[in-house]
Amino acid sequence: MNQPPTQPEALRFPFAEPPPFGEPVPVAPGILWLRLPLPYALDHVNLYLLEDGDGWALFDTGLGDERSQTLWTAVLAGALGGRAITRVVVSHCHPDHVGLAGWFDERFAPPVHMTEAEYLTTRVYRQDTDDERSRASMARFYRSCGLEDAAVSGLLGRGLRYLTQTTGLPPAFEPLVAGRTLRLGGRDWRILTGGGHSPNQAMLWCEADGLFLAADQVLERISPNVSVQPMQPSADPLSEYRDSLRELMETIPPDVLVLPSHRRPFLGLHQRARELDAHHEDRCARIAAACRPAPLTCAQVVPVIFHRALDSHQLGFAIGEALAHLNHMLANGVLAVETGKDGLLAYRTL
């Protein structure tokens, strides 16, 4: 007798509603979930506080803007009982994760744990790169993608926005190395790292208690941005990201409580990792179909995978993400690229 097809296991959500901004709630013994606002379409970031001796260890910091600083001041004095921040773990270099590292350093001088790649990338991004050569290089990159001059102008100067959203770094850091153990909040956490979304994002897995601090690598309902950056136009971050998803499924059991940096905590890590991988496979298939009748530029591929109007902020991410898929398909022999006038790149399906 034929068996009915196996239905994919649905994700499970132990917390029905997310807490209000600035009001930490328990998610596991000794661990608090704190949400802070973001001024984007994705309007929040999740941070996690772990009881650590006489104070609190912190997993990610939030954006380095005035609103986040005000909320943190109230949380420190109120819900955390005036206890100090003893250590800070920063998963990666994006402003909503590292933004207040300098602010906390000024107040508590806690050790800051980061992977070397993420610490050094943050320092690079913190430099003022809005000089003529940098702007010219970025302009060439975006024009090679097929963007018109008006769109290119709107995307230049993003590095300066990074400066306004971060508060600096301490001059020294404690390196997070994949495979090693970090004792944090009375638990032993195995350090895991993964590329694609950022150079070498750190995640923490407590095998004994079935807890996984996933940062941005695995999120429910939404997929983390996987982008090619102007400084590495030929990079293939999507291969790194998909490899990371497979490594997580090989390393961590499926029934851990996933504590992500956006949306809700959930159970069902393997199911969600498979969904994310299938999402990118589907995008590649749509791009291959679109590029078969005639070659397309990266800008022409954007509406193939993004079906909504994009503002300047969103367009930068969309171009980077579309190019990540194109480079991934080039590396796997699905596409070929043609260089036209003024360096314009067009992609065709083989």
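Residues numbered from 1 in each chain as written. Predicted model: local features only at pLDDT ≥ 70, side-chain atom pairs only at ≥ 80, totals over all residues. Heavy atoms only, no water.

**Q** Before we move on, could you go through the pairing of strand β10 (residues 201-206) and cite the residues and values that matter?
**A** Of all six residues in β10, six are buried, a share of seventy percent or more. The alternating pattern of β10 places Q201, M203 and W205 on one face and A202, L204 and C206 on the opposite face, and all of these are buried. For strand β9 (residues 187-194) and β10, the ladder comprises five bridges, and the chain directions are antiparallel. Each residue of the ladder has a partner; that of T193, found in β10, is A202. Counting the residues between successive antiparallel strands, the hairpin from β9 to β10 contains six residues, one of them, G196, with a positive phi of roughly 105 degrees. Alignment of β10 against strand β11 (residues 211-215), held across three bridges, turns out to be antiparallel. The residue of β11 that forms the bridge with W205 is F212. Linking β10 back to β11 in an antiparallel pair, the connection comprises four residues, with G210 at a positive phi of about 65 degrees. (Buried < 20%, exposed > 50% of the residue type's maximum accessible area, 1.4 Å probe, protein only. Helix = DSSP H or I, 4+ residues; strand = E, 2+ residues; numbered from the N terminus. Pairing = 2+ DSSP bridges.)

**Q** Tell me about the sheet that holds strand β1 (residues 25-28), and name the residues and values.
**A** In spatial order, the strands read β1-β2-β3-β4-β5-β6-β7; together these seven strands make up an open sheet with mixed pairing. On the outer flanks of this sheet lie β1 and β7 (174-175), each paired with one strand and no other. The pairing of β1 with strand β2 (residues 31-37) spans three bridges and is antiparallel. Residue pairing for β2: V25 is matched across the bridge by W33.

**Q** I'd like to hear about the packing of helix α9 (residues 269-290) against helix α10 (residues 298-305), residue by residue, with values.
**A** Relative placement of two packed helices is described by the angle separating their axes and the distance separating the axes. Contact geometry for α9 and α10: axes closest at 10 Å, N-to-C directions at 125 degrees. Comparing their axes, α10 and α9 come out oblique. Of the two possible hands of crossing, α9 and α10 adopt the one that is right-handed. Facing R283, R286, I287 and A290 of α9, the residues of α10 in contact are V301, V304 and I305. In terms of residue class, the contact of α9 with α10 is built from five nonpolar, no polar and two charged. (Axes fitted to C-alpha atoms, helices over the stretch in contact; angles between N-to-C directions. Parallel < 35°, antiparallel > 145°, perpendicular 65-115°, else oblique. Left-handed = near helix turned anticlockwise from the far one by under 90°. Contact = heavy atoms within 4.5 Å. Nonpolar A, V, L, I, M, F, W, Y, C, P; charged D, E, K, R; others polar.)

**Q** Provide a residue-level description of the sheet that holds β10, including the pertinent values.
**A** Read across the sheet, six strands follow the order β8-β9-β10-β11-β12-β13 without closing on themselves; strand pairing throughout is mixed. Looking at strand neighbours, the two that pair on one side only are β8 (181-184) and β13 (266-267), the edges of this open sheet. Sheet topology places strand β12 (residues 257-260) next to β13; two bridges connect them, and they run antiparallel. Paired with V258 across the two strands is F266, which belongs to β13. Sheet strands touched by helix α8 (residues 237-251): β9, β10 and β11. Its angle to β9, the strand with the most contacts, is close to 150 degrees.

**Q** A description of α10 should follow, citing residues and the corresponding values.
**A** Within α10, six of the eight residues are buried, which leaves the element mostly enclosed by the surrounding structure. Looking only at α10, the buried set comprises C298, A299, V301, V302, V304 and I305. On its buried side, α10 packs onto α9, α11 (312-331) and β15 (345-349).

**Q** Explain the packing of aromatic side chains residue by residue, including any values.
**A** The full count for this structure, using the stated rule, is seven aromatic pairs. Among the aromatic residues, those joined into a cluster by ring pairs are W72, W103, F104 and F108. Directly above the ring of F13 sits R264, whose terminal nitrogen or CZ lies 3.7 Å from the centroid. (Phe/Tyr/Trp six-rings, centres within 6.5 Å; stacked < 30°, edge-to-face > 60°. Lys NZ or Arg CZ within 6 Å of the ring centre and 35° of its normal.)

**Q** Go over the pairing of strand β3 (residues 44-52), please, and point to the residues and values.
**A** The buried fraction of β3 amounts to eight of the nine residues, a majority that puts the element mostly inside the structure. Here β2 folds back onto β3 in antiparallel fashion, the turn holding six residues. Pairing between β3 and strand β4 (residues 55-59): five bridges, direction antiparallel. The residue bridging L50 from the neighbouring strand is A57, located in β4. The hairpin turn running from β3 into β4, its antiparallel successor, is two residues long, and G53 in that turn takes a positive phi close to 65 degrees.

Any functional reading would require information that these geometric values do not contain.
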